[in-house]
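# Structural characterization, general
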Amino acid sequence: MKLITGNDLKTGAVTWWTGDGWSIHIEDAADAGDEAEAIATREEAARRVNVPYVIEAEAGPDGAPRPAHIKERVRALGPTVRVDLTLKPDDPTAAQKVI
Amino acid sequence: MYAYDQYDQAMVDARVAEFRDQCERRLAGKLSEDQFKPLRLMNGLYLQLHAYMLRVAIPYGTLNGGQMRVLADIAEKYDRGYGHFTTRQNIQYNWIKLEDAADILADLAKVEMHAIQTSGNCIRNISSDHFAGAAADEVADPRPYAELLRQWSSFHPEFSYLPRKFKICVIASENDRAAMRLHDIGIRIVERDGELGAQFYVGGGMGRTPMIAPLIRDFVPLDQLVTYSEACLRVYNRYGRRDNKYKARIKILVHELGAEEYTRQVEEEFAHLLDQGVEPPLAELERIKGYFRDPDMPDAGQEADRSDPDFAVWLDHNTHAHKMPGYVSAIVSLKPVGGIPGDATAAQMRVLADLAERYSFDELRIMHTQNVVLPHVRKADLYALWQALNEAGMGTPNADLMGDIIACPGLDYCSLANARSIPIAQRISQRFAANGKEAALGELKLKISGCINACGHHHAGHIGILGVDRKGTENYQLLLGGSEAEDTSLAKITGPGFDELGIVDAVETAADVYLRERTEGERFLDTYRRIGMAPFKEALYD
Ligand code: HEM
Ligand code: SF4
């Protein structure tokens, strides 16, 4: 599947295209399919997310999209060395799942 | 310490106002990211993996308690309670919001700090010896010269758009504690026949094409320091390659022309510049020197009491000889076992500010090894200092030992990374704390970068580790034999890379080869240089 991601203009936070807006949780991300590049371009022009771009992902074991590249998996979670600062501070296995 | 005059302050304040306006226009959607990016980078604001990242300049790594306290306040108020000290003696914040960026710069400006020229193809923050003004072996305090060059290079109109970034380092001792020869220009202040002058090493660097800078002039009189620097930059600005980003650093120009031809062109330019009035009057240098006068350090005549064995270990590893009797420079470790190299919490920064004020004449230094120095501590105060550091988790006695690892942010934070650096550093420090080999190994400098850009100095590690991407998984190459000191050398790759766990074993294997092969008094690096790569390879791959 194809996801669209970027960093929020105001906060810089990693953000994912949900189909009708943006969410910081990859669980909300929508498969943008063939539309992906067009949506990214449109969203770039809307100037609320910095340089939106398209990435490859697949459905992960927990149903949430799992990006193909480790860099995007780190982005989706947060720094693996500071799980307390990630989006899953209470999941001790969160960092391991990124690898 | 240098204090801003009205010009410095006016320039910095004006820049804050300008950037505030630019941020507002970006937030209002009036600027695109393409338009805004070069503007934010001119103010040290990057976009990294999880947020904006702000890099704040700490000129030649020197700051006072008040400044450190503001760094702590920023970490707490605008970030997530910590900052990361870097190999270029700066600090980076990882969780900055664009909405706050101008306010942060305004807070910094109040204590004479900024983020100008911490990014982009300009002359970056000038680095120096972290023991400057304190070291027993220096011929002079290098910082006034670094400060003179800072003023010359700040907003220098001719050099604001160089082919690539430009890093200058100034030291003033035979012993190199600042990786001087791995800079675009490395300057060493030397004494000849009772007169001070500057040696110029030009064209060093790390990154994808590491090079050791050759000496191009062994004595530039100090009243020609700026003029000679200008000549070096001018030749580079004119002929440095702009067609290929990877060949744009001065090291490539010097290498392609040959040091001799580059030098000839510099000398020609220099002769031309000499009567152009480029050099500031010597009185300006004298004025600057006035800010760096030694504090009044009466000899208290007392040695530290070594009766506490843990303290004695710290004393042996984490203090450095001072030029004044009765004093030492103390190294504060930001490398607790299993910790994140170079990270300090706001609370730790405040402790450092307090300790600097109480014990070190209100001075602090950031080391390129991502630790902190209290430069002028009375020996009689060391025990109390050590206790306070220990309480704040900053008393690990590991300077220049295996646990004192340099690591760049790597894939946990950096958008250019191939692999994570920090977890590797954490595992190695834990492994060697557990196996008890750290003390036996002695001086061993391990440096890790998450990609070929070499921000973690892996080329200069006695042991270096480079993160690479192997078909989408993290892989780590092992390098041996580098040094950033006066015996500068570049490390060589041992062979095929290792996975995340394998690299930790590989480091231990290399350490064991050294323990087996070393002769009396040899450091890891010395043994490697004597026996070469073969025995290590054999142990690693057979
Ligand atoms: C996280 C954002 C960072 C980015 C985007 C970044 C980018 C780069 C790049 C592209 C280079 C290669 C330049 C070249 O070879 O022409 C480089 C080199 C370097 N960077 Fe970074 N870096 C970052 C963080 C750091 C940090 C945290 C440190 C200190 C720990 C650092 C210190 C250095 C040093 C010492 C070099 C090599 C020396 C040289 O040849 O210039 N950088 N960086
Ligand atoms: S070496 Fe690479 S991964 Fe590490 S901070 Fe520099 S650019 Fe990022």
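Because the structure is a prediction, the values reported are computed rather than measured.

With that out of the way, let us pick up the interface of chain B and chain A. With 34 residues of chain B at the contact, the number on the chain A side is 24 residues. Summed over both partners, the interface of chain B with chain A buries about 2400 Å², with 58% contributed by carbon and sulfur atoms. On the surface where chain B and chain A come into contact, there are zero salt bridges. In this assembly, chain B and chain A are joined by 11 residue pairs in polar contact (both at pLDDT 80 or more). Those elements that provide at least two residues to the side of chain B that touches chain A are α1 (6–27), α2 (33–41), β5 (91–96), α4 (98–110) and α13 (422–434) of chain B.

This part is about the site of ligand 1. All names here are of chain B. Around ligand 1, the surrounding shell holds 21 residues, and the nearest of these are Thr87, Lys167, Met206, Arg249 and Cys455. In this structure, lysine 167 approaches ligand 1 through a side-chain N or O atom, which is 2.9 Å from an oxygen atom. Each residue belonging to the shell around ligand 1 can be placed in one class, and the counts come to seven nonpolar, eight polar and six charged.

Summary: where empty space remains is shown by rolling a probe the size of a single water molecule over the atoms. Residues and elements named next belong to chain B. Going through the model one piece at a time under the given rule, you end up with five cavities of 30 Å³ or more. Taken as a whole, the largest cavity spans an internal volume of roughly 210 Å³. What lines the largest cavity is a set of 19 residues, among which His114, Ile116, Gln117, Arg150 and Ser154 lie closest to the centre. Mapped onto the lining of the largest cavity, the elements with two or more residues apiece are α1 and α5 (143–153). Of the residues contributing to the lining of the largest cavity, the split by class is 11 nonpolar, five polar and three charged. A domain split of the lining of the largest cavity shows at least three residues from each of domain 1 (6–109) and domain 2 (142–289). In this model, the second largest cavity occupies a volume close to 130 Å³. Along the walls of the second largest cavity sit Met1, Tyr2, Tyr4, Pro59, Tyr60, Thr62, Gln67, Glu112, Met113, Glu147 and Arg150, which together make up its complete lining. Considered class by class, the residues forming the lining of the second largest cavity number six nonpolar, two polar and three charged.

The next point concerns the site of ligand 2. As a matter of local geometry, ligand 2 sits amid Cys408, Pro409, Gly410, Cys414, Leu416, Ala417, Ser449, Gly450, Cys451, Asn453, Ala454 and Cys455 of chain B. Residue classes in the shell around ligand 2 are distributed as eight nonpolar, four polar and no charged.

Residue and element names in this part refer to chain B. Counting buried positions along β5 gives six out of six residues, so the element sits mostly inside the fold. Across four bridges, strand β2 (residues 52–56) lies against β5 in antiparallel orientation. Residue pairing across strands places valine 56 opposite isoleucine 91, the latter belonging to β5. What sits between strand β4 (residues 82–85) and β5 in their antiparallel hairpin is a turn of five residues, with glutamine 89 showing a positive phi close to 60 degrees.

Our focus in this paragraph is the packing of aromatic side chains. Overall, the coordinates contain 17 aromatic pairs over all chains when judged by the stated rule. Both rings, one in tryptophan 17 of chain A and one in tryptophan 22 of chain A, keep their centres 5.4 Å apart while their planes meet at 70 degrees; by these two values the pair is edge-to-face. You'll find tryptophan 17 of chain A and tryptophan 22 of chain A in the same group, each marked buried. Here the aromatic rings of phenylalanine 524 of chain B and phenylalanine 536 of chain B are separated by 5.7 Å at their centres, their planes lie at 55 degrees, and the arrangement is tilted. Taken together, the positions of phenylalanine 524 of chain B in helix α16 (residues 524–531) and phenylalanine 536 of chain B in helix α17 (residues 534–541) put the pair 12 residues apart, joining distant regions of the chain. Using a relative accessible area of 1% as the deciding quantity, one classes phenylalanine 536 of chain B as buried. An aromatic cluster is present here, built from Phe311, Trp314, Tyr383 and Trp386 of chain B joined pairwise through their rings. Over the ring of tryptophan 95 of chain B we find arginine 80 of chain B; its NZ or CZ atom is 4.0 Å from the centre of that ring.

This brings us to the nonpolar core. Residue and element names in this part refer to chain B. Within the largest apolar cluster, 105 residues are counted, with the highest numbers of intra-cluster contacts made by Leu71 and Phe200. The leading source of residues in this core is helix α6 (residues 225–239), at eight residues. Once you skip the residues sitting within four places of it in the chain, leucine 71 turns out to touch Val56, Ile58, Leu63, Ile91, Tyr93, Leu108, Met113 and Met349. Of all hydrophobic cores here, the second largest spans 32 residues; its members include Leu446, Leu480, Phe498 and Leu540.

Residues and elements named next belong to chain B. α4 packs onto α1 with a crossing angle of 170 degrees between their chain directions and a minimal axis gap of 9 Å. In terms of orientation, α1 lies roughly antiparallel with respect to α4. Residues Gln9, Val12, Asp13, Val16, Phe19, Arg20, Cys23, Arg26 and Leu27 of α1 lie in contact with α4, whose contacting residues are Leu98, Glu99, Ala101, Ala102, Asp103, Leu105, Ala106 and Ala109. Partitioning the contact of α1 with α4 into residue classes produces 11 nonpolar, one polar and five charged.

What counts as what
Residues numbered from 1 in each chain as written. Chains lettered and ligands numbered in written order. Predicted model: local features only at pLDDT ≥ 70, side-chain atom pairs only at ≥ 80, totals over all residues. Heavy atoms only, no water. Contact = heavy atoms within 4.5 Å. Buried area = accessible area lost by both parts, 1.4 Å probe. Salt bridge = Lys/Arg side-chain N within 4 Å of Asp/Glu carboxyl O. Polar contact = N/O pair within 3.5 Å; in protein donor to acceptor, adjacent residues only side chain to side chain. Helix = DSSP H or I, 4+ residues; strand = E, 2+ residues; numbered from the N terminus. Near = heavy atom within 4 Å. Nonpolar A, V, L, I, M, F, W, Y, C, P; charged D, E, K, R; others polar. 1 Å grid on protein atoms, 1.4 Å probe; cavity = no way out; pocket = protein on both sides within 12 Å on 5 of 7 lines; lining within 4 Å. Points joined across faces, edges and corners; volume = space filled by probe spheres on them. Domains from an automatic or database assignment. Buried < 20%, exposed > 50% of the residue type's maximum accessible area, 1.4 Å probe, protein only. Pairing = 2+ DSSP bridges. Phe/Tyr/Trp six-rings, centres within 6.5 Å; stacked < 30°, edge-to-face > 60°. Lys NZ or Arg CZ within 6 Å of the ring centre and 35° of its normal. Core = buried A, V, L, I, M, F, W, Y, C linked by side-chain atoms within 4.5 Å. Axes fitted to C-alpha atoms, helices over the stretch in contact; angles between N-to-C directions. Parallel < 35°, antiparallel > 145°, perpendicular 65-115°, else oblique.

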